[in-house]
Amino acid sequence: MIRILIERNLIMKIGIDKIGFAMPNYYLDIRDLAAARGIEPDKFTKGLLQLEMSIPPVSQDIVTLGAQAAYEILDKDDLEKIDMIIVGTESGIDQSKASAVFIHGLLDVQPFVRAIEVKEACYGATAALDFAKNHVMNNPESKVLVIASDIAKYGVKSSGESTQGAGSCAMLVSSNPRILELNNDNVCLTRDVMDFWRPNYSHYAFVEGRFSTEQYLDCLTTTWGRFSEKSKQNLDDFSAVCLHLPYPKLGLKGLSLLLEQAEEDKKEELLARFNESILYSQRVGNIYTGSLFLGLLSLLENNTTLEAGNKIALYSYGSGAVAEVFSMTLVDGYREQLRNNRFDDFDSRTRISIDEYEKMFFRDTTVDEEGNLDISDIQDESRFVLEKIENHKRVYKKQF
């Protein structure tokens, strides 16, 4: 049996068949935040390489954003063949019920589905991809919906305020994928460190900023070293490198470490691909589990030189900490599954003021004594919304 599975794995191509993205309809210009906090704008625009942050109203959360990202890509056949939904998140809305269950209901996926939620800081969705690959390996006709959905929130005037954001990436994993094939070269690393964490009793995360940066970079070089040793691959084997992007400048620091021993032509090539991979994140901000995959989507939709057969290396990092380096290979016709007008979505959002941002993003969501929260005053025209909390139950609706 083991031999059969190994042979099947070597023959069958499994990977990302479709990929979608959703974000709130509001954003804050990072320069407005700098001005309000008495900080030079260059500290954010150049120091972080950040331009904007997506800001959700209370009616938007990981469920509504995840459902919208999936809705963008799924058709009737997908809804019938999906038999697993996995959400990677660190912005859970319930300590017991998985957000994947809510999303399953909003999308009207067929009922015989396994729906779960995975948590390990910003790394969870990467593990979900591997779970999905193994499931499809054993069930070739199945499709798995993997969603990375998060809201990064640190508080008014906090040290991490400039790296907030909100959004969701949805990936449909199947056999014979039409965008990317998942390769079998994953290398993982785990360290028990306290660089970033959020206890159950806290609304906001605690972070040791400098230590977290050090861990991100050291986990990258350590895991990459093991990856190269185990897979016999180096930078010359890859046409692009995508990295987890808490903010784009940190990804650049990480890539620069990998490029220290590379030839000049290779450095220029990979830096050009990196600049394409940060275009969306610069206008969204940190979306935790989705940041790596938003970078991947940005690369694929804004690059004109990548071809079928090219390999992309990816670095996933979740504080606490778990890191992984793995790779994917582009397949024939992958561009036909992507959009070429996504910047229209960015440009159609509403820019909000600092006052609006503080009231919207940090609105009190405490329920009353009966466990109710009335948010009927919010005029949210999104397809999926949180309508209210009633008797401690979150009530979602699909508006059109």
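Here the structure is a predicted model, which means the values were calculated and not measured. (Residues numbered from 1 in each chain as written. Predicted model: local features only at pLDDT ≥ 70, side-chain atom pairs only at ≥ 80, totals over all residues. Heavy atoms only, no water.)

Can you lay out the overall build of the protein chain for me, pointing to particular residues and giving the numbers?
Helix and strand content of the protein chain: 14 helices and 18 strands. The dimensions of the protein chain, computed from C-alpha atoms along their principal axes, are 60 × 50 × 40 Å. By residue count, 56% of the 400 residues in the protein chain fall in the buried class. Counting only contacts in the protein chain whose residues sit at least 6 apart along the sequence, the fraction spanning at least 24 positions is 75%. Here the protein chain displays about 17,800 Å² of accessible surface, and carbon together with sulfur accounts for 47% of that area. Positive and negative side-chain charges of the protein chain, numbering 44 and 61 respectively, have mean locations separated by a distance of 1 Å. (Helix = DSSP H or I, 4+ residues; strand = E, 2+ residues; numbered from the N terminus. Buried < 20%, exposed > 50% of the residue type's maximum accessible area, 1.4 Å probe, protein only. Contact = heavy atoms within 4.5 Å. Areas by Shrake-Rupley, 256 points an atom, 1.4 Å probe, with all protein chains shown as cover. Lys, Arg positive; Asp, Glu negative; His and termini not counted. Charge placed at Lys NZ, Arg CZ, Asp CG, Glu CD.)

Account for the sheet that holds strand E18 (residues 393-398), with residues named and values stated.
Read from one edge to the other, the open sheet built from three strands follows the order E16-E17-E18, with strand pairing classed as antiparallel. Two strands bound the open sheet, and with one partner strand each, they are strand E16 (373-374) and E18. Inspection of the sheet shows strand E17 (residues 384-390) paired to E18 by six bridges, in the antiparallel sense. Paired with Glu390 across the two strands is Lys393, which belongs to E18. Its contacts with the sheet put helix H4 (residues 62-71) on E17 and E18, and the angle it makes with E17 is roughly 155 degrees. Here helix H6 (residues 99-107) sits on the sheet in contact with E17 and E18, set at roughly 30 degrees to E18. (Pairing = 2+ DSSP bridges. Axes fitted to C-alpha atoms, helices over the stretch in contact; angles between N-to-C directions.)

Which residues make up the pairing of strand E7 (residues 165-175), and what are the values?
A large share of E7 lies buried, amounting to 11 of its 11 residues. Of the two faces of E7, both are covered, the one formed by Gly165, Gly167, Cys169, Met171, Val173 and Ser175 as well as the one formed by Ala166, Ser168, Ala170, Leu172 and Ser174. For strand E1 (residues 14-22) and E7, the ladder comprises eight bridges, and the chain directions are antiparallel. By the bridge assignment, Ile14 is partnered in E7 with Ser175. Summarising the sheet, strand E6 (residues 143-152) and E7 pair through nine bridges and their orientation is antiparallel. Each bridged residue has a counterpart across the sheet, and for Ala152 the counterpart in E7 is Gly165.

I'd like to hear about the packing of aromatic side chains, residue by residue, with values.
Enumeration over the complete set of coordinates arrives at 18 aromatic pairs. With a centroid separation of 6.3 Å and 90 degrees between ring planes, the pair formed by Tyr154 and Phe196 is classed as edge-to-face. With Tyr154 in the loop between E6 and E7 and Phe196 in strand E10 (residues 196-197), this residue pair connects regions lying 42 residues apart in the sequence. Phe196 gets classed as buried once you look at its relative accessible area, which sits at 12%. On the numbers, 6.3 Å between centres and 70 degrees between planes, the contact of Tyr204 with Phe362 is edge-to-face. (Phe/Tyr/Trp six-rings, centres within 6.5 Å; stacked < 30°, edge-to-face > 60°.)

Break down the packing of H4 against H6 for me, with residues and values.
The interhelical angle for the contact between H4 and H6, taken along N-to-C directions, is 50 degrees, at an axis separation of 9 Å. Between H4 and H6, the interaxial angle falls into the category oblique. Seen from above, H4 lies across H6 with right-handed handedness. Each of Ile62, Val63, Gly66, Ala67, Ala70 and Tyr71 in H4 lies in contact with H6, whose residues at this interface are Ser99, Phe102, Ile103, Leu106 and Leu107. When its residues are assigned to classes, the contact of H4 with H6 shows nine nonpolar, two polar and no charged. (Parallel < 35°, antiparallel > 145°, perpendicular 65-115°, else oblique. Left-handed = near helix turned anticlockwise from the far one by under 90°. Nonpolar A, V, L, I, M, F, W, Y, C, P; charged D, E, K, R; others polar.)

An account of the side chain of Gln110 is requested, with residue identities and associated values reported.
For Gln110, the position within the fold is in the loop between H6 and strand E5 (114-118). Since its relative accessible area comes to 14%, Gln110 is described here as buried. A distance of 2.8 Å separates a polar side-chain atom of Gln110 from the backbone nitrogen of Phe112. Each residue touching Gln110, except ones within four places of it in the same chain, is listed here: Leu79, Glu80, Ile82, Asp83 and His104. (Polar contact = N/O pair within 3.5 Å; in protein donor to acceptor, adjacent residues only side chain to side chain.)

A description of the packing of helix H10 (residues 264-277) against helix H12 (residues 291-302) should follow, citing residues and the corresponding values.
Two elements in contact, H10 and H12, have axes separated by 7 Å at closest approach and are oriented at 110 degrees. The angle between the axes of H10 and H12 places the two elements in the roughly perpendicular class. On H12, the residues that touch Arg273, Glu276 and Ser277 of H10 are Leu294, Gly295, Ser298, Leu299 and Asn302. Across the contact of H10 with H12, the residue classes tally to two nonpolar, four polar and two charged.

Describe the pairing of strand E14 (residues 322-330), naming the residues involved and giving the relevant values.
Of all nine residues that make up E14, nine are buried, and the element is covered over most of its length. Both faces of E14 are covered, namely the face carrying Val322, Glu324, Phe326, Met328 and Leu330 and the face carrying Ala323, Val325, Ser327 and Thr329. As paired elements, strand E8 (residues 180-182) and E14 share three bridges and run antiparallel to each other. Note that in E14 the partner of Glu181 across the bridge is Thr329. Direction of pairing for strand E9 (residues 187-190) relative to E14: antiparallel, over a ladder of four bridges. Among the inter-strand pairings, Thr190 is bridged to a residue of E14, identified as Val322. Across eight bridges, strand E13 (residues 311-318) lies against E14 in antiparallel orientation.

Requested: an account of the pattern of salt bridges, with residues and values cited.
A complete count under the given rule lists 29 salt bridges for this structure. For Glu72, the salt bridge identified is with Arg342, shortest N-O distance 3.3 Å. Of this pair, Glu72 sits in the loop between H4 and helix H5 (76-81) while Arg342 is found in the loop between E14 and helix H13 (343-347), placing the two residues 270 residues apart along the sequence. Taking relative accessible area as the criterion, Glu72 reaches 30% and is therefore assigned partly exposed. Here Arg342 falls in the buried class, since its relative accessible area comes to 2%. Each member of the salt-bridge network shares a partner with another, and the members are Lys18, Asp75, Asp77, Asp78, Lys81 and Lys143. (Salt bridge = Lys/Arg side-chain N within 4 Å of Asp/Glu carboxyl O.)

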